[in-house]
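A structural walkthrough
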Amino acid sequence: MSRVYWMESKMELRKMARLKQYSLSTVAFPLMFYIFFGLVMGSSSLGGVTISRYALATYGAFGVMGATLYAFGAGVAVERGLGWLEVKRASPMPPAAYFVAKGVVSLTFGALVVTLLFALGAIFGGVRMPAGQWLAMWGVLVAGAIPFGAIGLAIGSFAGPNSAANIVNMVYLPMGFLGGLWLPIDFLPKALQHFAVWLPSYHFGQIALAMLHAPVQGSVAGHVEALIGFGLVFAGVAWIGQSRDREKMYG
Amino acid sequence: MPVAELRGVTKRYGQVEALRGIDLSIEPGELVALLGPNGAGKTTAVRILLGLTPPTSGEATVFGHDPASHRAKLRRGALLQVAKVPETLTVREHIELFSSYYEKPLPIAFTIAAAGLEPIQNRLFGALSGGQRQRVLFALAICGNPDLLFLDEPTVGLDVESRRALWVRIREFVGRGGSVLLTTHYLEEADALAHRAAVIDRGRIAAEGTPAEIKARTRTSGLEDAFLAIMRENGNAPEEVLQ
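Below: a short report on this structure. (Residues numbered from 1 in each chain as written. Chains lettered and ligands numbered in written order. Predicted model: local features only at pLDDT ≥ 70, side-chain atom pairs only at ≥ 80, totals over all residues.)

**Some words on the overall build of chain A**
Scanning chain A from N- to C-terminus turns up eleven helices and two strands. For chain A, the α and β elements follow one another from N to C terminus as α-α-β-β-α-α-α-α-α-α-α-α-α. Taking 18 Å as the expected radius of gyration for a compact globule of 251 residues, we find that chain A reaches 18 Å, a close match to that expectation. Dimensions along the principal axes, computed over C-alpha positions, put chain A at roughly 65 × 35 × 30 Å. Going through the 251 residues of chain A one by one, you find that 43% of them count as buried. A separation of at least 24 residues holds for 78% of the contacts in chain A among residues at least 6 apart in sequence. (Helix = DSSP H or I, 4+ residues; strand = E, 2+ residues; numbered from the N terminus. Rg over C-alpha atoms; globule rule 2.2 N^0.38 Å. Buried ≥ 20, exposed ≤ 12 C-beta atoms within 10 Å, placed from the backbone. Contact = placed C-beta atoms within 7 Å.)

**Let's talk about the overall build of chain B**
The secondary structure content of chain B amounts to ten helices and nine strands. Projected onto its principal axes, the C-alpha positions of chain B cover 50 × 35 × 35 Å. Expressed as a percentage of its 243 residues, the buried residues of chain B come to 46%. Across chain B, the fraction of contacts at a sequence separation of at least 24, relative to all contacts at a separation of at least 6, is 67%.

**Focus on the sheet that holds strand E4 (residues 57-62) of chain B**
All names here are of chain B. Read across the open sheet, the three strands follow the order E2-E1-E4; overall the sheet is antiparallel. Edge positions in the open sheet fall to strand E2 (16-26) and E4, since each of these has one partner strand only. On average, adjacent strands in this sheet sit at an angle of 25 degrees to one another, irrespective of strand direction. Running over the sheet, helix H1 (residues 42-49) touches strand E1 (4-13), E2 and E4 and is turned about 115 degrees from E1. (Pairing = 2+ DSSP bridges. Axes fitted to C-alpha atoms, helices over the stretch in contact; angles between N-to-C directions.)

**What to know about unusual backbone geometry**
Residues and elements named next belong to chain B. You will see that Glu153, though not glycine, has its phi angle at about 45 degrees, which is positive. Along the chain, the position of Glu153 falls in the loop between strand E6 (148-152) and helix H6 (160-175). Not every positive phi belongs to a glycine, and Arg202 is a case in point at roughly 45 degrees. Inspection of the secondary structure puts Arg202 in the loop between strand E8 (196-201) and strand E9 (204-209).

**A closer look at the interface of chain A and chain B**
The interface of chain A with chain B comprises 25 residues on the first partner and 29 residues on the second. Those elements that place two or more of their residues in the side of chain A that touches chain B are helix H1 (2-18) and helix H4 (84-90) of chain A. Ranked by residues supplied to the side of chain A that touches chain B, first place goes to H1 of chain A with eight residues. For the side of chain A that touches chain B, a count of residues per class yields 13 nonpolar, three polar and nine charged. (Nonpolar A, V, L, I, M, F, W, Y, C, P; charged D, E, K, R; others polar.)

**What to know about the pairing of strand E3 (residues 31-35) of chain B**
All names here are of chain B. Counted residue by residue, E3 has five buried out of five residues, so it is predominantly covered. Covered by surrounding structure in E3 are Leu31, Ala33 and Leu35 together with Val32 and Leu34, the residues of both alternating faces. Relative to strand E7 (residues 179-184), E3 is paired through five bridges, and the arrangement is parallel. In the sheet register, Leu31 faces E7, and the bridge partner there is Val180. Examined bridge by bridge, E3 and E8 share four bridges and lie parallel to one another. Within E8, the position partnered with Leu34 by the bridge is Ala198.

**A closer look at H6 of chain B**
Residues and elements named next belong to chain B. With 16 residues, H6 extends 22 Å from end C-alpha to end C-alpha; this agrees with the ideal 22 Å at 1.5 Å per step. Regarding H6, the residues found buried are Leu166, Ile170 and Phe173. Projected onto a plane normal to the axis of H6, the buried residues spread over an arc of 55 degrees and lie on a single side. Looking at H6, the residues exposed on the side facing more than 90 degrees away from the buried face are Val160, Glu161, Val168 and Gly175. Contact partners of the buried residues in H6: helix H5 (130-142), E6, E7 and helix H7 (187-193). Downstream of H6 by a residue or two, Gly177 has a phi angle that is positive, lying close to 100 degrees. (Expected span 1.5 Å × (residues − 1). Arc of directions from axis to C-beta.)

**Re the packing of helix H3 (residues 51-81) of chain A against helix H8 (residues 164-178) of chain A**
All names here are of chain A. The interhelical angle for the contact between H3 and H8, taken along N-to-C directions, is 160 degrees, at an axis separation of 9 Å. For the element pair H3 / H8, the angle class is roughly antiparallel. Here H3 runs over H8; the crossing is right-handed. In this structure, H3 uses Phe62, Met65, Gly66, Leu69, Tyr70, Gly73, Ala74, Ala77 and Val78 to contact H8, whose residues at the interface are Ala164, Ala165, Val168, Val171, Tyr172 and Gly176. Class assignment for the residues of the contact of H3 with H8 results in twelve nonpolar, three polar and no charged. (Parallel < 35°, antiparallel > 145°, perpendicular 65-115°, else oblique. Left-handed = near helix turned anticlockwise from the far one by under 90°.)

Put into structure tokens, the structure is as follows:
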């Protein structure tokens, strides 16, 4: 039984790594943003933390979000909408294996982005931290994929196969900006700052910043609770979408 | 005991009655063709036997089990109409993955040979022609060494050569003792392959028997003419029948 999960995950990883619109853009965009905003302006500081350090947390969060939202949102929508998921459902594949494999892809690409960002920060941004702190931050960033997997799955369970990638873009990019992952949240107008508490990206970014001992709004426990809440709500939405799908109309 | 059976099955989607009481059985070693115009209920019948959707009323069984059960799934394979298959896996990788779903799959090399895929086994799916793609889907349907195959319009859109090549593979499967439920638009295909055919129209079985029996009943020489005669008996306008 566990062999099925292993095979499904292995093949899903190969499939997505070869799909350049996923593998390249997932890795390249956060790195590019970090080079522009984190390294070029890296020496100035924000609340006692250099920008090159601060931006590691926020672009790390941004990268993990992207890897996860595209793997689940666009991936599931296309396979569901164009009949492939049904071929799998008719086979003896345990249904969970399909979703576990998407999770493995999200975590792997999320971990890859975070690792590369850390390397850039350490080599070119002069970021220094105790090993334990690097590890803790790495773990927090990669684990952040979990609630976004639920959000991606909710999108993938409702979106059409042709519009899903655009819908993910329309969720991902504004959520990154408004959640304070592109620019520090304090740079945004007050009204937008108040709105940010409704965005999972904001809570994710704040937790990652707390690992750097950067100044954060609210408590870490509060942000974790918020992310768990978002994760559960969207997992519920995804479940409704998946059940509805099985009763779809066919001639 | 039949390998698959529908007994008094109806299926309603909202206001639409896709099936209005269907009885159908497939015996061991038999190839049954399910014929009918678009929207007649062929795909719905297949989806019920695959456990993808439950019947509104009536009973569906596969090897005596619920069609959605794991035990039923392990003994059957399916080639469904699919608009897009992941293109960045190779032929061999697709087959290895599907084989891992089954308890006693065929050896990978046997599946590849049985679907005629040796020369292209290391190509990415996205680089294949239409006929090659259908042969890969056929390989995925047989890789688990199933006793029963569902083929939902397996040769639609293929050129004559690819269609005939797939017929050979289907006959070989039946020759090894397998049972098949085949839906098709090509009546010539049913004539060439089927032991028995069932014509389905607007959710009901309109005629059933060997291709020869159906032709004799309608006093026609080809299954296509027989099909048209049955549709007319049922009060379909000729232009609807022919679309």
